[in-house]
Amino acid sequence: QGPPSPVQNVCLSFQCCAMSGYDRAITVFSPDGHLFQVEYALEAVRKGTTTVGVRGKDCVVLAVEKRATPKLQDPRTIRKILMVDDDIALAFAGLNADARVLVNKTRIECQSYRLNVEDAPTVDYVARYIARTQQKYTHRGGVRPFGI
């Protein structure tokens, strides 16, 4: 065998750094500048189902690829399109458990918004809340980034 290819070198350096503890904390960079917890979350999204949203003049269509379900899993339990508020839905790719946590946080924020403002939250407000929450989880210790 000849020398390893550049792709193999990257994989080998990734495995070496991951095994030496650089993947244990979200706030620790590896020597080559990687945040492995963030890369793991991005990989979960890449391995997830295809999710598409199309906005029309007065409508929105969300579509999610339906994959084969394992024998021991009830297909009715897999939901990749969830209602966040009365008029706001969310489609996601990635880890169901992470999405469930983020959607529950968002639902509580929508209820709080309704109580304080006495009006329904806007899509812009909800999108900014979700983005802010995901950003917090990428740089706070003790938690890991959402894999959605």
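All figures in this text were calculated on a predicted structure; none of them were measured in a lab. (Residues numbered from 1 in each chain as written. Predicted model: local features only at pLDDT ≥ 70, side-chain atom pairs only at ≥ 80, totals over all residues. Heavy atoms only, no water.)

## Considering the overall build of the protein chain
In terms of regular secondary structure, the protein chain is built from 4 helices and 4 strands. Along the protein chain, from the amino end to the carboxyl end, the secondary structure elements read α-α-β-β-β-β-α-α. Classification of the 148 residues of the protein chain by burial places 24% in the buried group. Summarising the internal contacts of the protein chain: among those between residues at least 6 apart in sequence, 45% fall at separations of at least 24. By element, 56% of the accessible surface of the protein chain is carried by carbon and sulfur atoms, the whole surface being about 10,600 Å². (Helix = DSSP H or I, 4+ residues; strand = E, 2+ residues; numbered from the N terminus. Buried < 20%, exposed > 50% of the residue type's maximum accessible area, 1.4 Å probe, protein only. Contact = heavy atoms within 4.5 Å. Areas by Shrake-Rupley, 256 points an atom, 1.4 Å probe, with all protein chains shown as cover.)

## Examining the nonpolar core
Counting residues in each nonpolar core, the largest one holds 14 residues, and the members touching the most others are Val84, Leu90, Phe92, Val126 and Ile130. Mapped onto this core, the elements with two or more residues apiece are strand S3 (81–85), strand S4 (88–91), helix H3 (96–117) and helix H4 (123–139). What valine 126 contacts, discounting residues up to four positions off in sequence, is Val84, Ile88, Thr106, Cys110 and Pro121. (Core = buried A, V, L, I, M, F, W, Y, C linked by side-chain atoms within 4.5 Å.)

## Points about the confidence of the model for the protein chain
A residue-level look at the protein chain finds 81% of positions with pLDDT of 70 or above and a mean pLDDT of 82. Counted against residues more than four places away or in other chains, residues 5–14, with its pLDDT under 50, gives 5 contacts. (pLDDT = per-residue confidence, 0-100.)

## Description of the pairing of strand S2 (residues 60–64)
Here strand S1 (residues 51–55) runs beside S2; their pairing, made up of 5 bridges, is antiparallel. In the strand pairing of S2, arginine 55 is matched with valine 60. Where S1 hands over to S2, the hairpin turn is made up of 4 residues, counted between the paired strands. (Pairing = 2+ DSSP bridges.)

## Here we look at H3
Under the 1.5 Å per step criterion, the end-to-end length of H3 is 31 Å for 22 residues, consistent within 8% with the ideal 32 Å. Among the residues of H3, those classed as buried are Asp98, Ala99, Leu102, Val103, Thr106, Cys110 and Tyr113. An end-on view of H3 places all buried positions within 120 degrees of arc, on one side of the element. In this structure, H3 carries Arg100, Ile108, Gln111 and Leu115 as exposed residues pointing more than 90 degrees from its buried face. Buried residues belonging to H3 abut S3, S4 and H4. (Expected span 1.5 Å × (residues − 1). Arc of directions from axis to C-beta.)

## Notes on the packing of H3 against H4
Running from amino to carboxyl end, H3 crosses H4 at an angle of 135 degrees, the nearest separation of the two axes being 10 Å. As far as their axial angle goes, H4 and H3 are oblique. The interaxial crossing formed by H3 with H4 has right-handed handedness. Residues Leu102, Lys105, Thr106, Glu109, Cys110 and Tyr113 of H3 form the contact with H4, whose own contacting residues are Tyr125, Val126, Tyr129, Ile130, Thr133, Gln134 and Tyr137. Here the contact of H3 with H4 is composed, by residue class, of 8 nonpolar, 3 polar and 2 charged. (Axes fitted to C-alpha atoms, helices over the stretch in contact; angles between N-to-C directions. Parallel < 35°, antiparallel > 145°, perpendicular 65-115°, else oblique. Left-handed = near helix turned anticlockwise from the far one by under 90°. Nonpolar A, V, L, I, M, F, W, Y, C, P; charged D, E, K, R; others polar.)

## Some remarks on the side chain of threonine 49
For threonine 49, the position within the fold is in the loop between helix H2 (36–46) and S1. For threonine 49, the residues in contact, after removing those within four places along its chain, are Val64, Glu65, Arg67, Lys80, Phe92, Ala93 and Gly94.

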